[in-house]
Each structure stands twice: as structure tokens, then as C-alpha cells.
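Residue-level structure breakdown
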Amino acid sequence: MRKEELFARLRANTHQQFDMPDMDIHALKYPDTLQQFIKMTLSSGGKIVRLKKDGDLNAAIAEAYPDAQVIASNIPGIKADRNPDLVAEAQDLNRTDVGVIRGEVGVAENACIWIPQTMKEKAICFISENLVILLDEASIVDNMHEAYARIKMTDYGFGTFISGPSKTADIEQALVMGAQAARSVTVFLLS
Amino acid sequence: MKVGLFIPCYVDALYPQVGVATSKLLHYLGVDVTYPPKQTCCGQPMANAGFERMSRPLVEKFEKVFKDFDYVVIPSVSCSAFIRFNYPKILSNCTVSEKVYDVVEFLHDILRVTALPGKFPHVVSVHNSCHGVRELGLSSPTELSGPRFNKIVDLLNLVSGITVKEPERSDECCGFGGMFAVEEPDVSKRMGEDKLADHIATGAEYITGPDCSCLMHLQGIAQKEHKNIKFKHVVEILAAGL
Amino acid sequence: MSTLHAKKAREFLKEPAKITHHDQTFWGMRMARDKMVSQIPEWEELREKASAIKRHTISHLSDYLEEFSSNLKKNGVHVLWAKDAEEFNQMVLKILTDHQVKKIVKSKSMLTEECGMNDFLMSKGIDVVETDLGERILQLMHLKPAHIVVPAIHITRQQVAHTFEADGISPEKGNDDPTYLTRCARNSLRSEFLEAGAGMTGCNFGVAKTGDVVVCTNEGNADMATSMPKLHIAAMGLEKVIPDYESLAFFQRLLCRSATGQPTTTYTSHFRKPRPGGEMYVILVDNGRSDFIANPDHWETLKCIRCGACMNTCPVYRRSMGYSYSFFIPGPIGIDLGMLKDPKANSGNISACSLCLSCDDVCPVHVNPGSQIYLWRQQLEHFGTANSEKKLMSWGMSWVYRNYSIYNMALKVAPLLNYVPKSIIGNPKMNPWCVGHLMPEFVRKPFHVLEKDLEKEYEKKSKIEP
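Along chain C, the regular secondary structure elements total 23 helices and ten strands. Along the longest, intermediate and shortest principal axes, the C-alpha atoms of chain C span 95 × 55 × 45 Å. Burial analysis of chain C (466 residues in total) assigns 56% to the buried set. Once local pairs closer than 6 in sequence are excluded, the contacts in chain C between residues at least 24 apart make up 74%.

Let us now look at the overall build of chain A. The helix and strand tally for chain A stands at five helices and eleven strands. Projected onto its principal axes, the C-alpha positions of chain A cover 65 × 45 × 40 Å. The buried share among the 191 residues of chain A stands at 45%. Sequence separation of at least 24 residues holds for 72% of the intrachain contacts in chain A that already meet a minimum separation of 6.

With that settled, consider the pairing of strand S6 (residues 130-136) of chain A. Residue and element names in this part refer to chain A. The element S6 is extensively covered by neighbouring structure, given that six of its seven residues are classed as buried. Pairing of strand S3 (residues 98-102) with S6 involves five bridges; the strand directions are parallel. The residue of S6 that forms the bridge with Gly 99 is Leu 131. As defined by bridge partners, S6 adjoins strand S11 (residues 184-190) across seven bridges and the pair is classed as parallel. Note on S11: the bridge partner recorded for Asp 136 is Leu 190.

Counting 268 residues, the largest nonpolar core has Ile 133 of chain A, Val 73 of chain B together with Ile 233 and Ile 283 of chain C as its most contacted members. For this core, the element with the most residues is helix H12 (residues 245-260) of chain C, which contributes nine residues. For Ile 233 of chain C, the contacting residues outside a window of four places in its chain are Val 92, Ile 95, Ala 198, Met 200, Tyr 281 and Ile 283 of chain C.

Further remarks concern the packing of helix H9 (residues 157-166) of chain C against helix H10 (residues 178-195) of chain C. All names here are of chain C. Running from N to C, H9 and H10 cross one another at 35°; their axes reach a closest spacing of 11 Å. Both H9 and H10 take part in a crossing whose hand is left-handed. Only Pro 178, Leu 181 and Cys 184 of H10 make contact with H9, whose side of the interface consists of Arg 157, Val 160, Ala 161 and Phe 164. Among the residues making up the contact of H9 with H10, the classes are represented as six nonpolar, no polar and one charged.

The subject of this paragraph is the environment of Pro 31 of chain A. Along the polypeptide, Pro 31 of chain A turns up in the loop between helix H1 (3-13) and helix H2 (33-43). When the C-alpha atoms of Pro 31 of chain A and Asp 142 of chain A are compared, they prove to be 9.6 Å apart, with 111 residues separating the residues in sequence.

Spatial ordering of the open sheet is given by S7(A)-S4(A)-S5(A)-S8(A)-S9(C)-S6(C)-S5(C)-S8(C), a layout of eight strands whose pairing is mixed. Where the open sheet ends on each side, the last strands, each with one partner, are strand S7 (140-141) of chain A together with strand S8 (241-242) of chain C. Here four bridges tie strand S5 (residues 112-116) of chain A to strand S8 (residues 158-162) of chain A, and the two strands are oriented antiparallel to one another. Looking across to S8 of chain A, one finds that Pro 116 of chain A is bridged to Gly 159 of chain A.

Our focus in this paragraph is the interface of chain A and chain C. On the chain C side, the residues contacting the 61 residues of chain A number 68 residues. Counting residues per element, the ones that place at least two in the side of chain A that touches chain C are H1, helix H4 (124-127), helix H5 (144-150), S8 and strand S9 (167-168) of chain A. For the side of chain A that touches chain C, the residue count by class is 30 nonpolar, 20 polar and eleven charged. Pairing of S8 of chain A with strand S9 (residues 267-271) of chain C, which is carried by five bridges, proceeds in the antiparallel orientation. Directly across from Phe 158 of chain A, in S9 of chain C, lies its bridge partner Phe 271 of chain C.

Time to look at the domain arrangement of chain C. Residue and element names in this part refer to chain C. Taken domain by domain, chain C comprises domain 1 (1-39 + 308-385), domain 2 (43-291) and domain 3 (403-464). Summarising the inter-unit geometry, the C-alpha centres of domain 1 and domain 2 are found 24 Å apart. Contact with domain 1, which involves 23 residues of that partner, is made by 23 residues of domain 2. Mapped onto the side of domain 1 that touches domain 2, the elements with two or more residues apiece are helix H2 (16-38), helix H14 (309-313) and helix H16 (331-341). Broken down by element, the side of domain 1 that touches domain 2 gets its largest block of residues, eight residues, from H2. Of the residues that constitute the side of domain 1 that touches domain 2, the class distribution is 15 nonpolar, five polar and three charged.

The protein chains that touch form two pairs of chains, and the pair with the most contacts between them is chains A and C. Separated without contact, chain A and chain B have their nearest C-alpha atoms at a distance of 14 Å.

The extent of an interface is frequently quoted as the accessible surface area lost upon association of the parts. Each partner contributes to the interface: chain C provides 61 residues, whereas chain B provides 58 residues. In terms of residue count, the dominant contributor to the side of chain C that touches chain B is helix H20 (residues 388-402) of chain C (eight residues). Of the residues in the side of chain C that touches chain B, the class split is 37 nonpolar, 13 polar and eleven charged.

Another aspect to go through is the confidence of the model for chain C. Where the model shows low pLDDT, its predicted coordinates should not be examined in detail. In this model, chain C carries a mean pLDDT of 95, and residues with pLDDT of at least 70 account for 99%. Under the prediction, the complex receives an ipTM of 0.98, its pTM being 0.96.

Every buried residue of helix H8 (residues 133-141) of chain C is listed here: Leu 133, Gly 134, Glu 135, Arg 136, Ile 137 and Leu 138 of chain C. Looking at the buried residues of H8 of chain C, the elements they touch are S9 of chain A together with strand S3 (127-130), H9 and H10 of chain C. Within two residues after H8 of chain C, His 142 of chain C carries a phi angle of roughly 55°, on the positive side.

Residues and elements named next belong to chain B. Pairing is parallel across the open sheet formed by four strands, whose spatial order is S2-S1-S3-S4. With partners counted over all chains shown, the strands left at the sheet margins are strand S2 (32-34) and strand S4 (100-102), one partner each. Strand-to-strand twist in this sheet, taken as the mean axis angle between neighbours without regard to direction, amounts to 35°. Relative to S2, strand S1 (residues 2-5) runs parallel, the two being bridged by three bridges. By the bridge assignment, Val 3 is partnered in S2 with Val 33.

This part takes up unusual backbone geometry. Residues and elements named next belong to chain C. Within the chain, Gln 100 stands out as a residue other than glycine whose phi angle is a positive 55°. A count of 7 C-beta atoms within 10 Å places Gln 100 in the exposed class. Of note, the phi angle at Leu 355 is positive, near 60°, even though the residue is not glycine. Turning to its location among the elements, Leu 355 is positioned in the loop between helix H17 (343-346) and helix H18 (358-362).

All names here are of chain A. Here Trp 114 is to be found in strand S5. Classification of Trp 114 as buried rests on a count of 24 C-beta atoms within 10 Å. Taking the C-alpha atoms as reference points, Trp 114 and Asn 13, separated by 101 residues in sequence, lie 39 Å from one another. Here Trp 114 is in contact with Gly 103, Glu 104, Val 105, Ala 147, Ile 151, Gly 159 and Phe 161, once residues within four sequence places are set aside.

Residue and element names in this part refer to chain C. Relative to the assigned elements, Met 117 resides in helix H7 (residues 117-123). A tally of 22 C-beta atoms within 10 Å means that Met 117 is categorised as buried. For the pair formed by Met 117 and Phe 88, sequence separation is 29 residues and the distance between their alpha carbons is 8.1 Å. In contact with Met 117, not counting residues within four places along its chain, are Phe 88, Asn 89, Val 92 and Thr 112.

So, how was this worked out
Residues numbered from 1 in each chain as written. Chains lettered and ligands numbered in written order. Predicted model: local features only at pLDDT ≥ 70, side-chain atom pairs only at ≥ 80, totals over all residues. Helix = DSSP H or I, 4+ residues; strand = E, 2+ residues; numbered from the N terminus. Buried ≥ 20, exposed ≤ 12 C-beta atoms within 10 Å, placed from the backbone. Contact = placed C-beta atoms within 7 Å. Pairing = 2+ DSSP bridges. Core = buried A, V, L, I, M, F, W, Y, C linked by C-beta atoms within 7 Å. Axes fitted to C-alpha atoms, helices over the stretch in contact; angles between N-to-C directions. Left-handed = near helix turned anticlockwise from the far one by under 90°. Nonpolar A, V, L, I, M, F, W, Y, C, P; charged D, E, K, R; others polar. Domains from an automatic or database assignment. pLDDT = per-residue confidence, 0-100.

As C-alpha cells, this is what we get:
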């Protein structure tokens, strides 16, 4: 079907048009945005570790995941066995114990963290058994309206909000963490 | 204020005591009430079944009979809702739709009753009929965000000795739905059984609500299942002692 | 006088415990939704504005589709327009064969269900692997979804275990623990993600201003399906386009809370460009939508964001289950969409509604699915699918009510019914009221007779009390 045909039919069949509403909304704000983010992260099944920005991140990763053998990251300073910028194929990131990625914006209302794609293979965000997300405390906002006003894509052209580990309740409504993607998510809140 | 009293077909034929209670209560409260003769039906059953056009002659008749009153009061939320929201679509220049009030609304919002004479020392479970909740605003629908209120409960609490309860699923449909009860009898029965069990679980002796059609449905099931619970329309309890 | 839905529901209701479980499961989801709503004071405002944004967008649909497709192209995404299900399926097949793809992994898409894509591709020798756990279970069991968000809710853990054992996904015979079974599925699907030549997703929202295809999942399967295979095909209904990120915030906040009572899906992914070294296609599908827009009473059905809240709250859906409906989407929105798509085939669902309007109150975008069912009922005559017995009953009632002398006579005679043996009047086959009820009693003195005595009483009283 040619789009011109479609557009002509749509225009002919539209009998009434409506304006956009006034987009002002008094959206939920929290008395303590950071505490709300922490609370929602925990209830989504995620974990929180609070660190100084100049703290020893590698030690913190080892403490959070002592059994991890294979770590993947392209973040400078992170001791990694694999680099999502340098692997030949995305598949090569399989069996990564811990993927370490950077979040840009945190959202208190639902523990979402915006993660723009800043690596060649975004698979690291999903194929890793466990995820560590680095997030600056100061970049947490109250709600999705504020978040969407801030987010930017990078040149790679992909971004995602992640809130806690991958989950499903498809079998008899029993909640299971770790469906197809990360089985656990630890947010390193940096100040 | 001249009030016209409309007594729906099924109340006339099956639950006349509800009409009597409504008439007596309004009279007691000093309302100038008239019951125009030769009333039949508001037209809802045919319209809900899909034949709105068959309601039209009844709509026209209702308009003619009641147009000169200030208010029309009806002891039925489903009829009141049908008249308020559907009549203007069926009849242009309809005037009655704005004057029609269910009796609970009328007592609560127009007369603003703050005292009632009667005693009803029993435990009752309130059946919040769908038309009352979601069309007339007798109570805050549990689906919506906002302050909680219930006009039926407010009025019942004016009756001395009463204990008012609500079932756990306080505004889930009982499953009557007019022709729904005969077109989908198995689903309707199951919905009614579940609702009845929910009311019985409150420990109530009576189930009460603002619409006899819901009560008729629940009562029919209760009788078939030999469940020992009684039924009264809200206005019968409010008119206790009169 | 039995409709298709009523007949099927009767069969399911023969297993009351199963219905209890189904009803309680979905009531639980409704309660989870209510809990979310109580935490968002601006909830009703969100609904109002989301509804208004959709009305604006749909009534300017060609403009937004133009903007969307133009941005997609700028981002290096191929854009195709499919007139109907057949064209869509053929387009997908061509893309896959041109790229020599033998296996495609897909995340959930009701649109692909609408088009019957899986069966079509399988018949052409392409392996289609569902990766949403519920959809995967149903695929292996050769069953259709029973709900649009939790499609396998009616399947027991024992059935899942049995299926996984039979397909070599579960090595431990008899182990039906959901966590264990989910791990088995994870391992099995991991190989599929690694091997597949293409990944297909649906699209929850298409952002016109940026060209983003937004996909929301809890499992992360849409992201897994598009992170290894180099080819991504996104299937999108025309009506899924929204103006911009500012609008998106409203829908993102409403969607998951309405659907499952979670504050968000785990993943809200924005696909803007193809992967480095990869290709991305977006196929925009009409399949009747450009005609639905012309329907003055029902065009707002296109606002639907497929959250499923209406079916979760619907007391009829909860007690009759998804397979009672003739359309691939059940519940209130399914009744409406089915009537838009094929009124003659789907008129048998119209009885599945008590007009309680709970669905109108939960719909995040004010589609008013219940109110629309009332309107569809008025049109059954026009489609030739009105039930003739119901029509006769309605006409009969109307005739009695229009003629007072007949009404009056009927009430005088009605008490005789009280004496008709229960074996006749209580026979459910003769009298469907008696499937569940005993007959009410017709009174000797209806209100309009008693009223005369009341008037006398009032007059007497007013003479005594001046």
C-alpha cells in the first residue's frame, strides 16, 4: 500500500478534529526524592549500594558479586574481562556474570533508570546474568514527565529505562526474577 | 416544590411495598407528592436489549406525564439513570431528564435529610447497584481516584439501631443486567452467587440496595439455594416505623 | 436464545473451582491497579489528558504518520505500509527470505496475532519462536492467548511442566516449580536468541517527533530479540503513533499501572536506529483502522493502548474466560474491536456484558468500552444479527407497557403464575430465569392499587392534623 493512498483515506474518513490538551500537569513530587527512588528500587527487586563517586567501584562490584568470574564493561576504570565495544559479535557477551553500565537519569516514582546506548553492543544490558548500573544521586527526578524532558539518545540510536531485574509471573502468577535478561540489578548510587 | 412519583413496572408488580415506603417517607418529610395514574415503564429493558427504538413511545409518554413537575422521584437507580442519560438521546427537547432523581439522591442531595424517625436494629449489607455508583454518583466508584463517599450509607446511618456493612467487593456487579440474566443465564447466576456469598460473609441479616432489580436477582438465587437472608430496598429501611 | 458466548461460558462454568481461580486472579490484578491509583493523586487528570492526546493524534493521524515515517527514514529505518493482514504477512516473509533468515525470535505482539503471522510464516518453512514466556508456553501447547497481557494465565504449572518435559526443555521430570520452569525456559530461549537471524517486536508507542519505536516488557525479551540478531522488524498498528516525549510520559505512567498494577514495566525501550551493522524495518499496518476512523460512535476504540484493565475488571470476562469470545481479543475491548472488524461474525459476544460500566472507569484513555457495547447492541438489527426471541420479548414488553388496560389486566392475571407447578415454570429450558433463580411472587395488589388506599390515609391524616 502506498502511504499517499492511506493518508487520503484517513483524511477523508476523519469527521471531527481535536486540539492537543493543555499539557500542564501537577505530577507527583516526593518530599524526599532519593528515599523514594531507593524504596521503589528495592520493591522492584533491585539492590542499592551507596558509594562516593571517587570510591573503589571494582571493590564494590566484587563485594556485590563475589562469585562473578566474567565482568563486562566499556566504562573507563572498571576492571572488565570483556568490552562491549570490542567484541566481534554480540553473542560473545553471553555468559557474562556482571555487566557494568552507566545510567543517566533516575526516576523516583518507579525506579526507572534511563540508559542510553553508549556501547557498540547493547546486548550487555540484557544478556548479562547480573547488572550493575552506575547512577549519580543528583540525577534522580521525581516522575516520568521530568525524566522525558531530560533524556537524550546518543548516536547509537537506542535507549532504555530499566527498573529492577527482568521478571515474569506468567506461570500461575508466581513472580520469578530473571526471566530472559538480568537476574539481579544492583544500582550503585554515586554521590 | 411539586414532586411527581414514578413507580417502575417491576416495583408496581412485584415490590409494591417499596412504592408505599417511598410515598409514605416523602409525605412524612412534607413533600408535595403526586402519583400520576396509568404509569407503566421507563423503557430501559428494551433499550438495554438493543431495541432503543421500542422505548420511544414510553419515553414520549413519560415526558408528557411528568413535564410539569419540579422533580420526579423514583425508587430505582437503573430507571433514574436511564432517564437522565438516555432520554435526551431518544427524545429531542426532553425536559424530564434533568428533573429525575433516584429517591436516595433526592433525600440526600435535595431534601438534605439529617434525621429519620425509625428504628431498624439489624445488621444490613449495602448493595451498591452499578447504575447508582457509576451513573448517578450515589457512592464513589472504587475504580476512580478521589475522596470516598456513600450516600446510601449516610442515610442508613440516620436510622436508629442499625449496623451498616458493605461486602468486600463493594461495587462489583451482581449480574442482573436486565435481559443479560436470561441471555447469559449461567454467567449471571455465577455472578449473583458470588455477590450473595460476599454479602452473607458480612454477617448481615438483610441485604439492602437502591434498586429492586438487583435485589430480585439476588433474592431469586438465595431462595433457590435456601440461603436464609432477607432483602429490603433502602427506602423501606429509611421509612421504618411510618 | 443462546448466544455463542453464552454457550461457551456455560461449558467453562461447569468447572466452578477453575472459574473461581480465574476470577480471583484477575480481581487481584484489578486490586493491584487500584492500589497504584491510590498512590497517584493526579490519576484522573492523567486519564483525561491521555484521552485528549489520543483524540487529537487520531484525528490528525495522517500528519503524525507522515512525521513519524519521515523521522524513521532519517534514522536509517526502512518503512513499509501494509494495507491488511495478508500484505503484512507477505512483507515479513519477503524481508526474511531476502535476508536468508530461517529462524525469527519475537516478543509479544497482538498485531501479529491479529494477522495470523506465525502460522503463515511456519507454513513457509520459517521457524517462529515466541519469547514472552506465556506466549512460548501457548505456542508449545498449540493454544491461543486467553488475555492480551497475561496470555497463559489459565495454564497450570503441571501443564507447563508436562509440555516442557515433552519438548526437552525441562530435564527434571515432575518438577513443576515456577522458578525452576522459568529457568528452563530461560536456558532454552537463550539459545534461540543467540541463533536467530531476525528479531520481531510489536510497538507500544511510536513517537512521531523522534521516530522512536517504544516497546515495554517485564522480561526483557524484546531487547534480547533485537540485541543479537542483526535484523529487527517492528510491527505497528497505525493508531499506536503519539506526538512526542511529553505525551509519552502520560502513557508510560498509565500503561503498566492499569495493566498489572506495577508502577512500570521493567524495560521501556526506545528503538531509534538500526544496530551498528544491522537493519531495522517498521511495518505500519492498517487492516481496517483507516475505516474504523469513519465510525462516529466507535472511532475512539482506536485510542486503546492494549493494557487489558477492562478485561481484568469485567465481571463477565472473569467468570467466562478468554476462550468464550469469538475474537482474538476478549473482554470489553475485544467485543468492541470484534464488532468493528467483523460485526456479523462477532455479534455473538455482544451478550457478554451486564452494562455495569466498570470498564469505562478503569480505561486509562476513556475508550468507554462498556458504553460502546450498549451502542453496538442498538445496531444488531442493522447487521441482521439481532436475536429474534429477544426482539419479540422486547416488542411484547413494549406493547404491554404502551397499552395501560393490557398492563393492568396482565398484573391482575400474573398472580396465577405463582401457582404454576415448578416443574413447568421452573424448568430452565422453558424459562431461562430459572437456571439460577426461583420465580419472584406476583402480588395481588400492585402499587397502583395500594396507592388509592394510601391517598385516603393521607387525606384522613390531613383532616385530623390541620
